[in-house]
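Chain and residue survey
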Amino acid sequence: MQYISTRDKGLKVTFEQAVKRGLAPNKGLFIPENFIKMPADFWANLNGMSLPEIGFQVGKQYVGDEIPENDFRKLCAEVLNFDIPLVNVKENIYSLELFHGPTCAFKDVGARFMARCLGYFSSQKNEKTVILVATSGDTGSAVANGFLNVPGVDVIILYPSGKVSEIQEKQLTTNGNNITALEVNGVFDDCQALVKTAFQNFDTQNKIKLTSANSINIARLIPQSFYYYYAVSQIKRSDSTICVPSGNFGNITGGILAMKSGLPVEHFVAATNANDTVPQYLKTGVYTAKPSVQTISNAMDVGDPSNFERLNEIFGHSSKTFGETISSYSFTDAETRAKMKETYDKYGYILDPHGAVGMLGIEKQLAGSNKPGIFLETAHPCKFLDVVQKSTNVTPELPEALKACLGKKKESIKINNDYKELEQLLKDRYL
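Please read these numbers as outputs of a predicted model, since none were measured by experiment.

What counts and how
Residues numbered from 1 in each chain as written. Predicted model: local features only at pLDDT ≥ 70, side-chain atom pairs only at ≥ 80, totals over all residues. Heavy atoms only, no water. Phe/Tyr/Trp six-rings, centres within 6.5 Å; stacked < 30°, edge-to-face > 60°. Helix = DSSP H or I, 4+ residues; strand = E, 2+ residues; numbered from the N terminus. Buried < 20%, exposed > 50% of the residue type's maximum accessible area, 1.4 Å probe, protein only. Expected span 1.5 Å × (residues − 1). Arc of directions from axis to C-beta. Polar contact = N/O pair within 3.5 Å; in protein donor to acceptor, adjacent residues only side chain to side chain. Axes fitted to C-alpha atoms, helices over the stretch in contact; angles between N-to-C directions. Left-handed = near helix turned anticlockwise from the far one by under 90°. Contact = heavy atoms within 4.5 Å. Nonpolar A, V, L, I, M, F, W, Y, C, P; charged D, E, K, R; others polar. Salt bridge = Lys/Arg side-chain N within 4 Å of Asp/Glu carboxyl O. Pairing = 2+ DSSP bridges. Right-handed = clockwise from strand over helix to strand, strands pointing away.

Some words on the packing of aromatic side chains
- Within the structure shown, the criterion is met by 17 aromatic pairs.
- With 5.7 Å between their ring centres and 85 degrees between their planes, Phe 42 and Tyr 229 make a pair best called edge-to-face. Separated by 187 residues along the polypeptide, Phe 42 in helix H2 (residues 40–45) and Tyr 229 in helix H10 (residues 226–235) bring together distant segments of the chain. Of the two residues examined, Phe 42 and Tyr 229, each falls in the buried class.
- Ring pairs connect the aromatic residues Tyr 281, Tyr 287, Phe 308, Phe 315 and Phe 322, which therefore count as one cluster.

Below, the structure is given as structure tokens:
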């Protein structure tokens, strides 16, 4: 399998090269040169297949022989060592719970997969890699956990000051060792812009081996396809619609990769908060990036989602083709809070604010239908404790993984939204 840039189909790289680069030299995003097609025996055996086995069978189509089969099977078993259950919330509506990993968020799957792939490649060549990643919340904690003490890898995480939850910040800033947290005076889009500028400048100067661990990296995206197969294996139907709470649109891009491989689903929904760039694109046919606004579903506070570029390429730069596969709706904080309260009061199910946006989206899409709908519950409700308590008047039990980080001391380096400050920090450390 080779990978091409969204901005130059003639630029082709291996899986290893795509993982290490993160971003193409022309600032494009890597996508598979061809969509995989899973064989008939895979679909015949999907129902009842374990999550690690799904990861191995699907993942090897993308990795090829760049990681030996025995090593790759072991890698998938280590990454996918927790369950992702499909829970029936109400009639025909199911929650795919992606928060049972070590940092209680869906990004555990992608971050752990990438960490082990990069760790394997680094160990083969005894080289140093610097992970530079922007986060609006859960990416940073998942990346920090996934890469903690991985030999040959340093991690620098940029996050917007005051715009992540207390637990998220603790998970970002209490690791030490090879993990550094930069607290940026700005919003997520500012953090993301700083990272992209660093990639461009340092890559062209060939000074530091930089790569990214957020969803612009193909090794984050590929494993995010695995749990869509697992959801279908549990629901055992081919007529479901899947709704993905969407910010940077990496999670739903993983779903589209699965769909292109033959995954039997009818439609996707991208549910957003007030950051409605993509819903507006599908209404008008014109993509207009805008500054992000702060909401209670902060991990989706993205005004210019990076993975739109991948989706745009996949759908041939056509809003019509895009809309035939993905519908997109935005919801307010008030609607989100109301859905959290209603769902707990009626069904005893506690949603986090991102899952609530997902449930709003699937209910809107399937209104009047008796077909099954799945929404992704992307983070444990305790990661947004204040919002959950105010919305539902209940306090969910804190998982042990989250209890452990709350008592630790925060350690971060504060910087302004100024590329020169980031550049100087990188030079001081690595040049």
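Section: helix H19 (residues 419–430)
- Its 12 residues place the ends of H19 16 Å apart at the C-alpha level, agreeing with the 16 Å of an ideal helix rising 1.5 Å per residue.
- All of the buried residues along H19 are Tyr 419, Leu 422, Glu 423, Leu 425 and Leu 426. Looking straight down H19, one finds its buried side chains confined to an arc of 160 degrees; they lie on one side. Facing away from the buried side of H19 by more than 90 degrees, the exposed set consists of Lys 420 and Asp 428.
- The opening residue of H19 is Asp 418, an N-cap whose side-chain oxygen sits 3.0 Å from the backbone nitrogen of Lys 420.

Examining the packing of H10 against helix H11 (residues 250–260)
- It is at 8 Å that the axes of H10 and H11 come closest, and there the two elements cross at 65 degrees. Handedness of the H10/H11 crossing: right-handed. Contact residues: H10 offers Tyr 227, Tyr 228 and Tyr 229, while H11 offers Asn 251, Ile 252, Gly 254, Gly 255, Leu 257 and Ala 258.
- Residues that form the contact of H10 with H11 fall into these classes: six nonpolar, three polar and no charged.

What to know about the pattern of salt bridges
- The final tally for this structure, using the stated rule, is 20 salt bridges.
- In this structure, Glu 53 and Arg 73 form a salt bridge, with 2.8 Å as the shortest nitrogen-oxygen distance. One end of the pair, Glu 53, is in helix H3 (residues 51–63); the other, Arg 73, is in helix H4 (residues 69–79), and 20 residues separate them in sequence.
- Assessed through its relative accessible area of 38%, Arg 73 is described here as partly exposed.
- With a closest N to O distance of 2.9 Å, Lys 341 and Asp 345 form a salt bridge. Note that Lys 341 and Asp 345 are positioned in helix H15 (residues 333–347) at a spacing of four residues, about one turn of the helix.
- Since its relative accessible area comes to 37%, Lys 341 is described here as partly exposed.

Observations concerning the side chain of Asn 251
- With respect to the secondary-structure elements, Asn 251 resides in helix H11.
- Among the polar contacts listed, one links the side chain of Asn 251 to the side chain of Tyr 227, at a separation of 2.6 Å.
- Non-local contacts of Asn 251, meaning those with residues more than four positions away in its chain, are made with Phe 106, Gln 224, Tyr 227, Tyr 228, Val 244, Leu 376 and Thr 378.

Looking at the environment of Thr 103
- Looking at the element boundaries, Thr 103 is found in the loop between strand S5 (93–97) and helix H5 (107–125).
- The class for Thr 103 is buried, based on a relative accessible area of 4%.
- Separated by 302 residues in the primary sequence, Thr 103 and Cys 405 have C-alpha atoms spaced 10.0 Å apart.
- Residue contacts for Thr 103: discarding those within four places in its chain leaves Asp 108, Ser 141, Ala 142, Asn 145, Gln 171, Lys 383 and Leu 402.
- Among the polar contacts listed, one links the side chain of Thr 103 to the side chain of Asp 108, at a separation of 2.6 Å.

Looking at the sheet that holds strand S3 (residues 30–32)
- The strand order S2-S1-S3 describes an open sheet built from three strands, whose pairing is antiparallel. The sheet terminates laterally at strand S2 (8–13) and S3, the two strands that pair on one side only. In this sheet, neighbouring strand axes are inclined to one another by 40 degrees on average, regardless of whether the strands run parallel or antiparallel.
- One ladder, built from three bridges, connects strand S1 (residues 3–5) with S3; its direction is antiparallel. Paired with Tyr 3 across the bridge in S3 is Pro 32.

Some remarks on the pairing of strand S10 (residues 241–245)
- Taking burial as the measure, the five residues of S10 include five buried ones, the bulk of the element.
- Every second residue of S10 is oriented toward a common face, with Thr 241, Cys 243 and Pro 245 on one face and Ile 242 and Val 244 on the other, all of them buried.
- Judged from the five bridges that link them, S10 and strand S11 (residues 267–272) form a sheet pairing that is parallel. In the sheet register, Ile 242 faces S11, and the bridge partner there is Phe 268.
- Each parallel crossover has a hand, and the one from S10 via H11 to S11 is right-handed.
- As paired strands, S10 and strand S13 (residues 373–377) are joined by three bridges and run parallel to one another. When the bridges of S13 are listed, Thr 241 appears paired with Gly 373.

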